[in-house]
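So the chains spell out like this:
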Amino acid sequence: MSTSTDESPVPQADSFNEDLLGFLCCPISKSLLRWDAAHSELICDQLKVAFPVVTGVPKLVPSDGRFLPEEST
Amino acid sequence: MHRLPANISALLRLAQNGRLQSPLRQFSTASFGSEDVAASEKAGRVGAVFSSVAPSYDLMNDLMSAGLHRLWKGWLVEQLAPFPGMHHLDVAGGTGDVATRVARDILAQSPDPEAEQGSVVVCDINPDMLAEGQRRLDPSAPEAALMEWMTADAEALPLQDDSVDGYTVAFGVRNMTNIDAALREAHRVLRPGGQFLCLEFSPRTNPALQRLYDAYSHHVIPQIGRVVANDEQSYKYLVESIRRFPDPDLFRDMIWDAGFRRVRAQSLTGGIVYLHSGFKS
């Protein structure tokens, strides 16, 4: 009998309920947020600010945000 | 009337050290217990109070209110009248006491386990209070499935307009720097017809009770804080912050000014605590 994989995946430490995207917004600009799973951050594209999600808990106080570096487009 | 700046360059001017600050904080003073401090400082100092008291917060509530806070919160949830599929927001409710009651009540009203259950978002500006709340809640409890936890500033909520059915805040408004801003945000995020409910200690009560209340709050509570939590100063702050809170009539006017209607201030337990409510029309 194969035991190479578990039947149910272990929840990720930084799991985020994406259903929340229908309710949440940037606390400053009030625009919609984008979930960046790779960095576990919620991105406000309007302000170019990222808010962290730590062990599934979004940190959405304005001072929790960090400015994203300017990207060349 | 303060409005958040619409353009990004204004926001960049407000940013300090690459981190954003709530715009209003930098320009005003606020009361912190019996002191006046710069508003930008109040949030930090209040944060320190709540990080210190978090582990013993609910025990402290029991002692400060002789267990009455449980009854008051029960009444709050009853007035809220949770319904199946409700999306609720509890603000400054870090340890999750009110939120878990709301979640249990939503489930109690839901006959169909397959139907949309709704959600209860608990937010608090202090992550230590939230962590304490999460630690206490049994993850296998049915209400845990409805709970969402996040840090947020009541004066700048990270929620879309008209997105929640109910908004509660229990013993949290007096810690806020700009109450008018918090009330406007509450109005913004509620859907039309949604209810705002706020439980808060009254700064003054009837004279007969007042002397007893003063003696108890000034002499006994800080000592309890010292013994229970080894933190007399924080509990002095908590007592003093009640004294500086607007009078119930003034607070009711502030709720009206924020746009709520059918505003009511209901006195509980001889006027020690008020339940303020209003609806978004």
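If you're wondering where the values come from, they're calculated on a predicted model, not measured in any experiment.

S.K.: How should I be thinking about the UniProt feature "binding site: S-adenosyl-L-methionine" (unreviewed entry) in chain B in this particular structure?
M.R.: Residues and elements named next belong to chain B. In the UniProt entry, the feature "binding site: S-adenosyl-L-methionine" (unreviewed entry) is given for Thr95, Asp124, Asp153 and Ala154. In this fold, threonine 95 is placed in the loop between strand E3 (87-91) and helix H5 (97-108). For threonine 95, a relative accessible area of 9% translates into the label buried. Topologically, aspartate 124 is positioned in strand E4 (residues 119-124).

S.K.: Explanation requested: the side chain of threonine 151 of chain B in the structure shown.
M.R.: As for its placement among the helices and strands, threonine 151 of chain B is situated in strand E5 (residues 147-151). Overall, threonine 151 of chain B belongs to the buried group, its relative accessible area being 2%. A polar contact is formed between the side chain of threonine 151 of chain B and the side chain of aspartate 64 of chain A, at a distance of 3.0 Å.

S.K.: When you look at the environment of glutamate 143 of chain B in this model, what are you seeing that I'm missing?
M.R.: Residues and elements named next belong to chain B. Residue placement: glutamate 143 occurs in the loop between helix H6 (127-136) and E5. Take glutamate 143: its relative accessible area is 9%, and that puts it in the buried class. The spatial distance from the C-alpha of glutamate 143 to the C-alpha of alanine 92 is 19 Å, given a sequence separation of 51 residues. Side chain to side chain, glutamate 143 and arginine 104 meet in a polar contact 3.1 Å long.

S.K.: In this structure, what is going on with unusual backbone geometry? I would like to understand it.
M.R.: Of all residues except glycine, most have a negative phi; of all peptide bonds, most are trans. Of note in this structure, serine 40 of chain A is not a glycine but carries a positive phi near 50°. You will see that alanine 81 of chain B, though not glycine, has its phi angle at about 55°, which is positive. Tracing the backbone shows alanine 81 of chain B in the loop between helix H4 (68-80) and E3. Classification of alanine 81 of chain B by relative accessible area gives partly exposed; the value is 46%.

S.K.: Looking at this model, I keep getting lost on the interface of chain B and chain A. Mind explaining?
M.R.: Accessible area lost when the parts come together is the quantity often used to give the size of an interface. In this assembly, 29 residues from chain B lie in contact with 25 residues from chain A. Between chain B and chain A, the buried area comes to about 2300 Å², and carbon and sulfur atoms account for 65% of it. Taken together, the connections running from chain B to chain A amount to one salt bridge. Here glutamate 185 of chain B ties to lysine 30 of chain A by a salt bridge, and the two come within 2.8 Å at their closest N and O atoms. The interface formed by chain B and chain A holds 11 residue pairs in polar contact (both at pLDDT 80 or more) in total. If you list the elements that add at least two residues to the side of chain B that touches chain A, you get helix H1 (8-14), H6, E5 and helix H7 (179-189) of chain B. Broken down by element, the side of chain B that touches chain A gets its largest block of residues, four residues, from E5 of chain B.

S.K.: Would you mind going over helix H10 (residues 248-257) of chain B with me for this structure?
M.R.: Residues lying three or four places apart along an α-helix face the same way, a consequence of the helix completing one turn every 3.6 residues. Residue and element names in this part refer to chain B. The complete set of buried residues in H10 reads Pro248, Phe251, Met254 and Ile255. In an axial view of H10, the angular spread of the buried residues amounts to 115°, which keeps them on one side of the axis. Each element contacted by the buried residues of H10 is listed here: H7, strand E7 (190-201), strand E8 (260-268) and strand E9 (273-280). Here H10 starts with a cap whose side-chain oxygen sits 3.1 Å from the backbone nitrogen of aspartate 249, and that cap is aspartate 247. Among the residues trailing H10, glycine 259 stands out with phi positive, at a value near 115°.

S.K.: Help me out: how do you make sense of the confidence of the model for chain B in this one?
M.R.: It should be kept in mind that the predicted coordinates are not to be read in detail where pLDDT is low. Residues and elements named next belong to chain B. Mean pLDDT over chain B works out to 81, with 69% of the residues at or above the 70 mark. Ranking the helices and strands of chain B by mean pLDDT puts E3 first, with 98, and H1 last, with 46. Confidence over residues 1-19 falls short of pLDDT 50; this stretch has 26 contacts with residues more than four positions distant or in other chains. Residue range residues 21-27 is modelled with pLDDT below 50. Its contacts to residues more than four positions away, or to other chains, number 20 contacts.

Definitions and limits used
Residues numbered from 1 in each chain as written. Chains lettered and ligands numbered in written order. Predicted model: local features only at pLDDT ≥ 70, side-chain atom pairs only at ≥ 80, totals over all residues. Heavy atoms only, no water. UniProt positions renumbered as here; feature names shortened; annotations may be inferred. Helix = DSSP H or I, 4+ residues; strand = E, 2+ residues; numbered from the N terminus. Buried < 20%, exposed > 50% of the residue type's maximum accessible area, 1.4 Å probe, protein only. Polar contact = N/O pair within 3.5 Å; in protein donor to acceptor, adjacent residues only side chain to side chain. Contact = heavy atoms within 4.5 Å. Buried area = accessible area lost by both parts, 1.4 Å probe. Salt bridge = Lys/Arg side-chain N within 4 Å of Asp/Glu carboxyl O. Arc of directions from axis to C-beta. pLDDT = per-residue confidence, 0-100.

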